[in-house]
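# Secondary and tertiary structure notes
Chain by chain, the residues run as shown.
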Amino acid sequence: MEEELRARALAVLCERDPDRKARLAQDLQLVAGKLPIAAHAPVASAPVPGRPARPVIVHPAKVPRRSPHQSGGLAALLHAIAHIEFNAINLALDAAWRFDGMPADYYRDWVHVAGEEGLHFTLLAALLAQEGHAYGDFPAHAGLWTMCERTAGDVTARMALVPRVLEARGLDATPRIQATLRRVGSETAAIAVKVLDVILADEVGHVAIGNRWYRWLCERDGLDPAAHAAALSARHDAPGVFPPFNEDARLRAGFTAQELAGMAAAAATSRGGDTSP
């Protein structure tokens, strides 16, 4: 691979094999501080992102839902989380490759995120193997990457809507998933709870990086962060965010109490005053 950070990020982004992509992302994270950073994004010569032939990608409404208490249900849940982490590797690498004109720390931050997402995927793939399955065995959807495509021409929109909206939803969902896994009671489920502890701690940092660069961009361009986030959400048809929020994790990830109150109020308005999940 080319010995330049953004070119390396692109090469890993284009890698199709999930296990190899995860490993290469972790390798790149280790050397990111030593690599020069090009002023302009290298041109992609392969499809972006690189994806394996499986899983089959379907509309989100057509992804089968199974109880983790049923046969194959735990594997299906682990697969769904692994798919999120696989997409998260691609999202972070795309952020590091695509956008020109950002400080060096921006590119190194997103390569760091990609490496941690690679570790998450590897841990989940190992749990899937314990259940007799592999990544690709269940259908999945492309919701995360769809927003990546919508924001491909605007780094401010990318920072506003991918880490701060889509990935931040994981901060809220993870404790609920852990509660479900504890009720399953199997050895694999118990290990999965601990893996999700690692993922949640790392994801707080990833969302914080998104918050950091979104606010940096707003300050650079003289934009009001709250008003501009609302405008971008409407422009790019971002999904809603609904309580219950993991307020502690969101505050540690850089959201303000005022932002959390605003999200709760917006959710109440969209639901006619009903803030139940």
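Look up a bit, the structure's there.
Residues numbered from 1 in each chain as written. Predicted model: local features only at pLDDT ≥ 70, side-chain atom pairs only at ≥ 80, totals over all residues. Heavy atoms only, no water.

### What about a nonpolar patch on the surface?
- A cluster of nonpolar side chains, contributed by Leu119, Leu123 and Val198, occupies part of the molecular surface with about 190 Å² of accessible area.
- Take leucine 123: it is sitting in helix α4 (residues 104-130). (Patch = residues over 30% accessible without salt bridge, like charges linked within 9 Å, V, L, I, M, F, W, Y side chains within 5 Å. Areas by Shrake-Rupley, 256 points an atom, 1.4 Å probe, with all protein chains shown as cover. Salt bridge = Lys/Arg side-chain N within 4 Å of Asp/Glu carboxyl O. Helix = DSSP H or I, 4+ residues; strand = E, 2+ residues; numbered from the N terminus.)

### Some remarks on the packing of aromatic side chains
- In total, this model carries six aromatic pairs according to the counting rule given.
- Ring centres 5.1 Å apart and planes at 90° place the aromatic pair tyrosine 106 and tyrosine 107 in the edge-to-face group.
- The class for tyrosine 106 is buried, based on a relative accessible area of 0%.
- We classify tyrosine 107 as buried; its relative accessible area is 2%.
- Site record: aromatic cluster; members linked through ring pairs are Tyr106, Tyr107, Trp213 and Trp216.
- Above the plane of the ring of phenylalanine 255 lies arginine 250, whose end atom (NZ or CZ) is 5.1 Å from the centre. (Phe/Tyr/Trp six-rings, centres within 6.5 Å; stacked < 30°, edge-to-face > 60°. Buried < 20%, exposed > 50% of the residue type's maximum accessible area, 1.4 Å probe, protein only. Lys NZ or Arg CZ within 6 Å of the ring centre and 35° of its normal.)

### Considering the packing of helix α6 (residues 155-184) against helix α8 (residues 225-235)
- Relative to each other, α6 and α8 sit at 85°, their axes nearing to 10 Å. As summarised for this structure, α6 and α8 are arranged roughly perpendicular, according to the angle between their axes. Between α6 and α8, the contacting residues are Thr156, Ala157, Ala160, Leu161 and Arg164 on the first element and His228, Ala229, Leu232 and Ser233 on the second.
- Taken together, the residues of the contact of α6 with α8 break down into five nonpolar, three polar and one charged. (Axes fitted to C-alpha atoms, helices over the stretch in contact; angles between N-to-C directions. Parallel < 35°, antiparallel > 145°, perpendicular 65-115°, else oblique. Contact = heavy atoms within 4.5 Å. Nonpolar A, V, L, I, M, F, W, Y, C, P; charged D, E, K, R; others polar.)

### Describing the side chain of histidine 79
- Along the chain, histidine 79 falls in helix α3 (residues 73-98).
- A polar contact is formed between the side chain of histidine 79 and the backbone nitrogen of glycine 136, at a distance of 2.8 Å.
- Residues in contact with histidine 79, not counting those within four places in the same chain, are Pro55, Leu128, Ala134, Tyr135, Gly136, Asp137, Phe138 and Pro139. (Polar contact = N/O pair within 3.5 Å; in protein donor to acceptor, adjacent residues only side chain to side chain.)

### Considerations on the pattern of salt bridges
- Within the structure shown, the criterion is met by 13 salt bridges.
- For arginine 250, the salt bridge goes to aspartate 172, with nearest N and O atoms at 2.8 Å. In this pair, arginine 250 sits in helix α9 (residues 247-252) while aspartate 172 sits in helix α6, placing the two residues 78 residues apart along the sequence. By the burial criterion, arginine 250 is buried, and aspartate 172 matches it.
- Of the charged contacts in the structure, one is a salt bridge between arginine 252 and aspartate 248, with a shortest N-O distance of 3.0 Å. With arginine 252 and aspartate 248 both in helix α9, this residue pair falls four residues apart, about one helical turn.

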